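Per-entry structural report
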Amino acid sequence: MTRTSYNTEKSRLEKEMAKLQKKIQTLHAKQRKPKITEIVRAMRQYDITPEEIAAAFGRKPAGRAPGAAPRKASTAAKRVIAPKYRHPETQATWTGRGKAPRWITDAEAAGTPRDSFLIAAESA
């Protein structure tokens, strides 16, 4: 049995790979022709112009690309909420949403009503 050198074996495999790639391109072209015919038939049936297709191609696709990670749910733009309560000494503020800050809970535990910290009450 004769030994083939690395370069001759590599050359042989590259030629084989080139032949296979050519076969793939031919097969791909055969598969495309009927699809193109089908698309043209549908365009004629629905009076779709190539310009409309080009315009639709320019838009971002509604779905995600194959293999892409799922997108997170779209969040609305965050609005800035005006503070509703202000601590008289530290000037710390709270919007009144979410968990109450410690200075509010401590004051309520001491018997001070939450309404005494209202910002509207300060300006009146």
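Scroll up a little and you will see the structure.
Definitions and limits used
Residues numbered from 1 in each chain as written. Predicted model: local features only at pLDDT ≥ 70, side-chain atom pairs only at ≥ 80, totals over all residues. Heavy atoms only, no water. Core = buried A, V, L, I, M, F, W, Y, C linked by side-chain atoms within 4.5 Å. Buried < 20%, exposed > 50% of the residue type's maximum accessible area, 1.4 Å probe, protein only. Helix = DSSP H or I, 4+ residues; strand = E, 2+ residues; numbered from the N terminus. Contact = heavy atoms within 4.5 Å. Phe/Tyr/Trp six-rings, centres within 6.5 Å; stacked < 30°, edge-to-face > 60°. Arc of directions from axis to C-beta.

**Details of the nonpolar core**
Buried together is how nonpolar side chains tend to be arranged in soluble globular proteins. Y85, W94, A100, W103, I104, A107 and F117 together form the largest nonpolar core, which totals 7 residues. The element that contributes the greatest number of residues to this core is helix α3 (residues 102-109), accounting for 3 residues. Ignoring anything within four residues of it in the chain, the contact list for F117 reads K84, Y85, R86, H87, P88, W103, I104, A107 and T112.

**Some thoughts on unusual backbone geometry**
Of note, D47 is a non-glycine position whose phi angle comes to about 55 degrees, a positive value. Relative accessible area serves as the criterion here: at 65%, D47 is assigned to the exposed category. One non-glycine residue, Q91, lies in the positive phi region at around 65 degrees. Residue class for Q91 comes out partly exposed when judged on its relative accessible area of 46%.

**Thoughts on the environment of P50**
When you line up the elements, P50 lands in helix α2 (residues 50-58). Note: C-alpha distance between P50 and V40 (10 residues apart in sequence) is 9.6 Å.

**Focus: the packing of aromatic side chains**
The full count for this structure, using the stated rule, is 2 aromatic pairs. Look at Y85 and W94: their rings are 5.3 Å apart centre to centre, the planes differ by 25 degrees, and that puts the pair in the stacked class. Considered together, Y85 and W94 belong to a single accessibility category, that of buried residues. Note on W103 and F117: the rings are 5.4 Å apart at their centroids and 75 degrees apart in plane angle, and the pair reads as edge-to-face. Here W103, found in helix α3, pairs with F117, found in the loop between α3 and α4 (119-123); they are 14 residues apart in sequence, far enough to count as distant.

**Observations concerning α3**
Restricting attention to buried positions, one finds in α3 the residues W103, I104 and A107. For α3, the buried positions fall inside an angular range of 100 degrees around the axis, keeping them on one side. Away from its buried face, by an angle of more than 90 degrees, α3 presents the exposed residues R102 and A109. Residues of α3 that are buried sit in contact with β1 (85-86) and β2 (93-94).

That's the geometry; what it means functionally is another story.
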